[in-house]
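Chain residues, written in single-letter form:
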Amino acid sequence: MKKIDSETGAGAGPIIDARGVGYSLEIAGRPLHILRGVDLRVEPGEVVAIVGPSGSGKTSMLMLLAGLEKATAGTVRVCGEGLTAMGEDQLALFRRRNVGIVFQSFHLVPSLSALDNVGLALEIAAPELSLAETRKRATAALADVGLGDRVHHRPSALSGGEQQRVGLARAMVSRPRLLLADEPTGNLDQKSGAVVIDLMFGLARQQGATVVLITHDPALAARADRMLTMTNGELVENMREPA
Ligand SMILES: Nc1ncnc2c1ncn2[C@@H]1O[C@H](COP(=O)(O)OP(=O)(O)OP(=O)(O)O)[C@@H](O)[C@H]1O
């Protein structure tokens, strides 16, 4: 019988199984082929980095995995669910249940405190929770990223690194199975970026989450279990140098 790890779900099949994925748009009456025949399989608990030149299609790939855009060819299965055939409502539910996203430019609500930014995300992901429970979990998520003493601060009263830590708490508070991060350190200095990444990898490991991380930073990509390169809409696995 297949043994399934209760923490990561390892053994239950891949978290990501994308096959022959194409993504094309029509711009001014002309087709723009952004992704071409992309295959990607990621196992539960893996940390995968995607690198590649600007405009090569990395963010588009992440949008497809998040169910925020739809592939125009091939199939995308995430957490065992086929996204290609889902309607908007199903995709929204899928995202709420399974996916956390960290963006380069934080995207926090400026008028809300750190606690309310994180609480709001949890309220959307798990509306069945009581207000007291939501606040308790949001407070704990902020403590997990070292912001236990900053919960009532608004984004403008926080440094860039602190804002991204709120972004990370917001992504992880609903305990997603898949964390997608698009250049999470792109707007940070090296030191604050390193703190965010240490927290991200630590929390993902602790919660058994799978991570797909887009980065331009080779040192950061090297810390992932696997590195893939996107070039002109095609995704290729980088082979590790033999030790
Ligand atoms: N909605 C859209 N309308 C027009 N062009 C788009 C759209 N989405 C993506 N593109 C184009 O598709 C290509 C791939 O974009 P994408 O953002 O996926 O690349 P990227 O590798 O993430 O780039 P970067 O590293 O600069 O963020 C780019 O040329 C981009 O301009």
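Everything quoted here is computed from the prediction, not taken from an experiment.

Student: How should I be thinking about the overall build of the protein in this particular structure?
Tutor: Of regular secondary structure, the protein possesses 7 helices and 10 strands. Its C-alpha atoms give the protein a radius of gyration of 18 Å, within 12% of the compact-globule value 18 Å for 243 residues. C-alpha extents for the protein along the principal axes are approximately 50 × 45 × 40 Å. Within the protein, buried positions represent 43% of all 243 residues. Sequence-distant contacts in the protein: of pairs separated by 6 or more residues, those separated by 24 or more amount to 70%.

Student: What is the right way to read the site of the ligand from this model?
Tutor: Of all residues adjacent to the ligand, which total 13 residues, the nearest are S54, G55, K58, T59 and S60. Counting only elements with at least two residues in the shell around the ligand, the list comes to strand 1 (16-27), strand 2 (30-42) and helix 1 (58-66). No other element matches helix 1, which puts 3 residues into the shell around the ligand. Across the shell around the ligand, the residue classes break down as 5 nonpolar, 7 polar and 1 charged.

Student: Any chance you could explain the sheet that holds strand 9 (residues 226-231) here in plain terms?
Tutor: In any sheet, the strands associate via hydrogen bonds between backbone groups, in a parallel or an antiparallel arrangement. Across the sheet, 6 strands lie side by side as 6-7-8-3-9-10; this open sheet has mixed pairing. The strands lining the two open edges of the sheet, one partner per strand, are strand 6 (99-102) and strand 10 (234-237). Shown here is a sheet whose adjacent strand axes are inclined to one another by a mean of 20°, direction ignored. Taken together, the 4 bridges between strand 9 and strand 10 define a ladder with antiparallel strand orientation. Directly across from L228, in strand 10, lies its bridge partner E237.

Student: How should I be thinking about the sheet that holds strand 4 (residues 73-78) in this particular structure?
Tutor: The 4 strands are arranged 2-1-4-5 in an open sheet whose pairing can be described as antiparallel. Across the chains shown, the open sheet's two edge strands, defined by having one partner strand only, are strand 2 and strand 5 (81-82).

Student: Where do I start with helix 4 (residues 131-144) in this structure?
Tutor: Given 3.6 residues to a turn, an α-helix orients residues that are three or four positions apart in the same direction. A rise of 1.5 Å per residue sets the reference length of helix 4, with its 14 residues, at 20 Å; its end C-alpha atoms lie 20 Å apart and thus fit the reference within 8%. Where helix 4 is concerned, the buried positions are T134, A138, A141 and L142. The buried side chains of helix 4 occupy one side of the element, clustering within an arc of 95° when seen end-on. Opposite the packed face of helix 4, turned more than 90 degrees from it, sit the exposed residues A132 and E133. With its phi angle positive at about 75°, G146 sits one or two positions after the end of helix 4.

Student: Got a minute to help me understand the packing of helix 3 (residues 114-125) against helix 5 (residues 160-172) in this structure?
Tutor: Between two packed helices, both the angle of their axes relative to each other and the distance between the axes serve to describe the pair. Closest axis-to-axis distance for the helix 3/helix 5 pair is 8 Å, and the angle between their directions is 25°. Relative to helix 5, the element helix 3 lies roughly parallel. For the pair helix 3 and helix 5, the sense of crossing is right-handed. Touching A114, N117, V118 and A121 of helix 3 are V166, A169 and R170, all from helix 5.

Student: For this particular structure, what's the right way to read the environment of R135?
Tutor: Looking at the secondary structure, you find R135 in helix 4. Classification of R135 by C-beta neighbours within 10 Å gives partly exposed; the count is 18. What R135 contacts, discounting residues up to four positions off in sequence, is L115 and G119.

Student: Is there a simple way to think about the nonpolar core in this case?
Tutor: Generally speaking, a soluble globular protein has its nonpolar side chains buried in company with each other. Counting residues in hydrophobic clusters, the biggest one holds 68 residues, and the most contacted among them are V118, L142, A169 and L180. A per-element tally of this core places helix 3 first, with 6 residues. With near-sequence residues (within four places) excluded, A169 lies in contact with V118, A141, L142, D144, V145 and L147.

Student: Explain the environment of L142 to me, please; I cannot follow it from the model alone.
Tutor: Residue position: L142 is located in helix 4. The contacts of L142, once residues within four sequence positions are left out, are A114, L115, V118, L147, G148, V151 and A169.

Cut-off values and rules
Residues numbered from 1 in each chain as written. Predicted model: local features only at pLDDT ≥ 70, side-chain atom pairs only at ≥ 80, totals over all residues. Helix = DSSP H or I, 4+ residues; strand = E, 2+ residues; numbered from the N terminus. Rg over C-alpha atoms; globule rule 2.2 N^0.38 Å. Buried ≥ 20, exposed ≤ 12 C-beta atoms within 10 Å, placed from the backbone. Contact = placed C-beta atoms within 7 Å. Near = placed C-beta within 6 Å. Nonpolar A, V, L, I, M, F, W, Y, C, P; charged D, E, K, R; others polar. Pairing = 2+ DSSP bridges. Axes fitted to C-alpha atoms, helices over the stretch in contact; angles between N-to-C directions. Expected span 1.5 Å × (residues − 1). Arc of directions from axis to C-beta. Parallel < 35°, antiparallel > 145°, perpendicular 65-115°, else oblique. Left-handed = near helix turned anticlockwise from the far one by under 90°. Core = buried A, V, L, I, M, F, W, Y, C linked by C-beta atoms within 7 Å.

Just distances and angles here, no functional claims.
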